[in-house]
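Structure at a glance
As a plain string of letters, each chain reads:
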Amino acid sequence: MDTVYAGAQAGPKALDPLSVHEVAAAAGIVRAAHDLGPGMRFETIVLHEPDSRGQPGRRAFVSAYDIATGDLFEAIVSLSDNAVESWTPRPGAKPRIAPDEFLLAEQIAKADPRFVAALAKRGITDLSLVCSDPWSCGVFGHPDEEGRRLIQTITWVRNRPFDNHYAHPVEGLSAVVDINRGEVVRIDDHGVVPVPREEANYSSRFQKTWRTGLKPIEVVQPEGPSFTVDGYAVAWCGWTFRVGFTPREGLVLHDLKIRDGETVRGVLKRACLAEMVVPYGHPSGVHPRKNAFDCGEYGIGVLANSLKLGCDCLGAIHYFDAVVNRIDGSAQVIENAICLHEEDCGILWKHTDFRTEDSDVRRNRRLVISFVATVGNYEYGFYWHLYLDGTIELDVRLTGIINTAGLMPDGSTGRGTRVAPGVVGHIHQHVFNVRLDMEVDGPNNTVVEVDTVADPPGPDNPWHNALSIVETPLLTEKAARRNGDPSRMRWWKIVNRDRTTAIGHHPGYRLAAHSALRTPAAPASQVGQRAGFVAHDIWVTPTRADERWPAGDYVNQSRPGEGLPAWTEQDRPVADRPITVWHSFGHNHIVRPEDFPVQPVVHCGFILQPFAFFDRNPTLDIPPAKSVHSCCA
Ligand SMILES: [Cu+2]
């Protein structure tokens with residue numbers, strides 16, 4: 001039998017993230033049973049989520065490694081019994097790059113005389129102003145990199161303290177660092193080009209003049225918010241779910257259900273960002289190696305911000321702290337990492353009977369569950385929205401600073417947009433992949449592809465206006481590797497064929513894949529090899545607890561073809577059973593000068609909308625707003 005996630009069977013708090021105490025305890029239990037010595041580090045310490053059989057007790061999943069040997073082991077730890085239940089070597093696996101290693105890599109580079117000499121060749125001698133960011137390396141077949149755990153540092157320089165260094169790229173220079181051994185493997189110097197020195201600052205500490213005329217907008221909720229929170233359980237306007245958080249995925253929504261009259265109906269068993277990759281499209285210098293997997297190579301959860309009321313969030317806010325592990329096995333609390341609040345959201349519906357002038361309008365609102373992560377130069381905000389009519393939305397907001405480059409050695413721009421004199425933003429993509437463990441009205445779901453096509457002309461279609469809806473259930477994994485087709489107005493719905501509604505439909509949810517994005521990456525590129533999920537807009541697999549990572553369990557310097565491409569080769573049945581829908585979407589970032597020196601938010605995401613899930617508009621009972629104007633009730 002397949003292993004599926006479950007919460008209710010294992011007790012109401014079985015899905016709560018590990019506490020500070022539990023993280024430290026898990027590290028201690030593993031160290032006591034399998035001490036790897038002074039080089040022991042902890043990549044991940046996270047809740048081992050209970051499966052449907054609902055084993056009693058709390059468990060942790062621990063990924064530990066030894067920087068001396070490079071060996072990596074996975075453990076399942078019983079926190080209730082103080083015991084390691086399993087200890088599994090993962091030969092060749094390379095752990096993620098941890099926040100603890102970001103500045104370490106820079107220090108190692110700056111301590112190397114070859115790196116210092118390469119900076120001096122460019123007229124840079126004050127190392128305190130040099131910022132060398134820790135980039136993952138991928139796999140490029142350099143013999144001196146074989147078997148090592150690597151970070152390549154890519155370099156910028158400040159003119160003065162706090163100056164935005166991304167305005168001053170030190171083009172063509174990177175230090176390839178063996179982060180386990182603490183040494184520079186090689187300096188890659190692709191030739192000196194002048195470092196642009198014009199400042200481009202955005203910080204309030206540099207801004208001299210301020211726009212006037214902005215009057216305050218205040219969010220007032222005199223009776224408090226409409227949600228209730230009990231531990232990690234949230235209830236709001238008919239919706240219920242549990243909040244989870246992991247170092248790699250960040251925010252997780254468990255057991256998302258919606259009330260329909262007297263019944264509570266499931267929609268999502270578990271939903272999260274599972275992976276993302278940002279490949280850069282410039283073919284020379286340090287840039288081909290820039291293919292950042294921000295979940296699998298860094299962990300989008302461990303990079304979460306502590307949010308601030310009045311700045312990041314407005315209104316009546318409930319914050320959840322996040323607990324993640326450091327590489328020494330201790331726990332780190334990210335205070336106020338997850339924000340829960342309500343927002344007014346325009347009108348929900350409206351109609352005026354033009355004969356009677358009877359007019360009805362209802363206001364919409366949404367519940368927002370969000371976190372923001374800083375990954376080096378860039379910020380990602382992940383905002384899950386729940387609406388009164390049963391709609392679910394993930395709105396990903398991209399901001400921060402573009403990854404800048406200098407000019408080519410011949411002074412040309414290369415594959416990008418000039419954003420300032422001597423400063424270029426290369427073309428790149430941000431491709432996200434979400435893992436949606438579906439539970440539409442029960443455990444057994446099926447994905448149906450829906451195309452809209454014009455009928456051929458004929459006696460039944462004399463005026464050539466007939467349209468047909470072509471529905472194709474996706475029955476096996478290979479058949480369910482699907483891409484959009486605007487010429488057929490294609491979309492997908494997830495239905496429960498075990499159930500039929502009162503008006504004769506299988507209840508479903510429509511996936512509105514409005515930001516679907518496949519990269520044009522060649523199969524032989526790093527992304528083609530190691531981020532197979534970018535090849536299709538949707539994939540469907542039978543839900544399995546051990547198939548969580550669409551680009552493989554260990555993405556850092558990973559081998560080709562792991563994750564979704566390998567799993568789906570089995571071509572397992574995916575109809576009328578617990579299924580996981582994987583959706584790839586994102587932003588094709590052809591940089592604008594307006595994205596610099598800091599990028600106004602760009603949105604991408606997707607929508608899950610009830611489709612014959614309810615028998616009619618489920619919001620007729622939303623009361624009219626009390627208004628200061630006479631037009632409303
Ligand atoms: Cu971008």
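Starting from 1, residues in each chain are numbered consecutively following that chain's sequence as written. In view of the model being predicted, local features appear only for residues whose pLDDT reaches at least 70, and side-chain atom pairs are presented and counted only at 80 or more, with totals across whole chains, interfaces and linings using the full set of residues. Hydrogen atoms and water are omitted, and side-chain values are computed over all heavy atoms in the structure.

Overview of the overall build of the chain
Secondary structure summary: the chain contains six helices and 30 strands in total. Taken over the C-alpha trace, the chain has a radius of gyration of 26 Å; the compact-globule value for 633 residues is 26 Å, and the two agree within 12%. On the principal axes, the C-alpha backbone points of the chain span a range of 80 × 60 × 60 Å. Any pair of residues with heavy atoms lying within 4.5 Å of one another is described as a contacting pair. Expressed as a percentage of contacts within the chain between residues at least 6 apart in sequence, the contacts between residues at least 24 apart total 66%. Accessible area for the chain stands at about 27300 Å²; split by element, carbon and sulfur atoms hold 53% of it. Seen as two clouds, the 64 positive and the 78 negative side-chain charges of the chain have centres 2 Å apart. Each helix corresponds to a stretch of at least 4 residues labelled H or I by DSSP, and each strand to a stretch of at least 2 residues labelled E; elements are numbered beginning at the N terminus. All radius of gyration figures rest on C-alpha atoms, and the globule criterion is 2.2 Å times the number of residues raised to 0.38. Where accessible areas are quoted, they stem from the Shrake-Rupley method and a 1.4 Å probe; at the residue level, only the protein chains shown are allowed to cover. Charged-residue counts in this description rest on Lys and Arg as positive and Asp and Glu as negative, His and the chain ends being excluded. For this purpose, a charge sits on NZ of Lys, CZ of Arg, CG of Asp or CD of Glu.

Looking at the side chain of Lys-290
You can see Lys-290 is positioned in the loop between strand 13 (263-279) and strand 14 (291-292). Throughout, exposure labels follow a simple rule: accessible area from a 1.4 Å probe, protein chains only, divided by the maximum for the residue type, with under 20% read as buried, over 50% as exposed, and the rest as partly exposed. The term salt bridge refers to a pairing of a side-chain nitrogen on Lys or Arg with a carboxyl oxygen on Asp or Glu at a separation within 4 Å. The side chain of Lys-290 sits in the buried core without any salt bridge; Glu-171 is the nearest counter-charge, 7.0 Å away. Within the local environment of Lys-290, its side chain forms a polar contact with the side chain of Asn-403, the two groups lying 2.8 Å apart. Sequence-distant contacts of Lys-290, that is, excluding residues within four places in its chain, are made with Trp-135, Gln-152, Ile-154, Val-278, Pro-279, Tyr-280 and Asn-403. Two N or O atoms form a polar contact when they lie within 3.5 Å of each other; inside protein one atom must be a possible hydrogen donor and the other a possible acceptor, and for residues adjacent in sequence the pair counts only when both atoms belong to side chains.

A short note on the coordination of the copper ion
Atoms are scored as donors when they are N, O or S and lie within 2.8 Å of the metal, with 3.2 Å used for Na, K and Ca; no water is included, so coordination may look incomplete. Protein ligation of the copper ion involves His-428 (NE2), His-430 (NE2) and His-589 (ND1), the donor distances falling in the range 1.9 to 2.0 Å. When the donors of the copper ion are listed by position in the chain, the intervening gaps give H-x1-H-x158-H. Remark: His-589 occurs in strand 29 (residues 579-589) and His-428 occurs in strand 23 (residues 428-438); sequence separation between them is 161 residues. Neither residue differs from the other here; His-428 and His-589 are each classed as buried.

Things to note about the sheet that holds strand 5 (residues 130-135)
Pairing between strands requires that DSSP locate at least two bridges from one strand to the other. In space, the four strands of this open sheet follow the order 5-6-7-8, with antiparallel pairing throughout. On the outer flanks of this sheet lie strand 5 and strand 8 (183-189), each paired with one strand and no other. For this sheet, the mean inter-axis angle between neighbouring strands, taken without regard to orientation, is 30°. Direction of pairing for strand 5 relative to strand 6 (residues 150-157): antiparallel, over a ladder of six bridges. Within the sheet, the bridge partner assigned to Val-130 lies in strand 6 and is Val-157. The sheet strands contacting helix 2 (residues 99-110) are strand 5, strand 6, strand 7 (169-178) and strand 8, and the helix crosses strand 5 at an angle near 120°. Relative to the sheet, helix 3 (residues 113-121) contacts strand 5, strand 6, strand 7 and strand 8, its axis offset from that of strand 8 by approximately 25°. Between the N-to-C directions of two axes lies an angle of 0 to 180 degrees, each axis being a line fitted to C-alpha atoms and, for a helix, fitted only over the stretch in contact.

Examining the confidence of the model for the chain
Per-residue confidence from the predictor is given as pLDDT, running between 0 and 100. Mean pLDDT for the chain: 95, with 97% of residues reaching 70 or above. Of the regions scoring below 50 in pLDDT, residues 1-10 engages in 34 contacts with residues more than four places distant in sequence or in other chains.

A word on the pattern of salt bridges
For the structure shown, the criterion picks out 48 salt bridges. A salt bridge links Glu-562 to Arg-559; its shortest N-O distance comes to 4.0 Å. What you see here is one network of salt bridges that share partners, running through Asp-144, Glu-145, Arg-186, Asp-188 and Arg-289.

As for the packing of aromatic side chains
A pair of Phe, Tyr and Trp rings is counted when the ring centres sit within 6.5 Å of each other, with Trp represented by its six-membered ring. The angle between the planes then sorts it: under 30 degrees is stacked, over 60 is edge-to-face, the rest tilted. By the definition in use, this model includes 18 aromatic pairs. Relative to Tyr-298, the ring of Phe-102 lies with its centre 5.9 Å away and its plane at 90°, an arrangement referred to as edge-to-face. Pair noted here: Phe-102 is in helix 2 and Tyr-298 is in helix 4 (residues 294-298), with a separation of 196 residues, a long-range link. Ring centres 5.8 Å apart and planes at 80° place the aromatic pair Phe-245 and Phe-371 in the edge-to-face group. Of this pair, Phe-245 sits in strand 11 (residues 239-246) while Phe-371 sits in strand 17 (residues 358-375); the two residues are 126 residues apart in sequence, bridging distant segments of the chain. Residue classification places Phe-371 among the buried positions, given a relative accessible area of 2%.

Describing the environment of Pro-288
Looking at where Pro-288 falls in the secondary structure, it is placed in the loop between strand 13 and strand 14. For Pro-288, a relative accessible area of 26% corresponds to the partly exposed category. With 109 residues separating them in the primary sequence, Pro-288 and Arg-397 have C-alpha atoms 25 Å apart. Once residues lying within four places of it in the same chain are set aside, the contact partners of Pro-288 are Phe-140, His-282 and Pro-283.

Brief notes about unusual backbone geometry
For the peptide bond that leads from Phe-596 to Pro-597, omega is 5°, which places it in the cis range. Within the secondary structure, Pro-597 sits in the loop between strand 29 and strand 30 (599-611). Phi is positive for Asn-82, close to 50°, though the residue is something other than glycine. With respect to the helices and strands, Asn-82 occurs in the loop between strand 3 (72-78) and strand 4 (83-89). Of the residues examined, Asn-82 reaches a relative accessible area of 57% and is grouped as exposed. A positive phi is found at Asp-571, a non-glycine position, where the angle reads about 55°.

Remarks on the environment of Arg-205
You can see Arg-205 is positioned in the loop between strand 8 and strand 9 (227-230). Along the backbone, Arg-205 and Phe-162 are 43 residues apart, and their C-alpha atoms lie at a distance of 8.7 Å.

Some points on the pairing of strand 30
Note: strand 19 (residues 392-400) against strand 30, eight bridges, orientation antiparallel. Considered in strand 30, the bridge of Leu-398 is made with Val-602. Bridge analysis of strand 27 (residues 508-512) against strand 30 gives five bridges, and the strand direction is antiparallel. Across the sheet, the residue bridging to Leu-511 is Leu-608, located in strand 30.

A few points about the pairing of strand 8
Among the seven residues of strand 8, five are classified as buried, and the element is accordingly described as predominantly covered. In the sheet, strand 7 pairs with strand 8 via six bridges, with the strands oriented antiparallel. Looking across to strand 8, one finds that Asp-178 is bridged to Glu-183. Two successive antiparallel strands, strand 7 and strand 8, enclose a turn made up of four residues, where Gly-182 displays a positive phi of approximately 70°.

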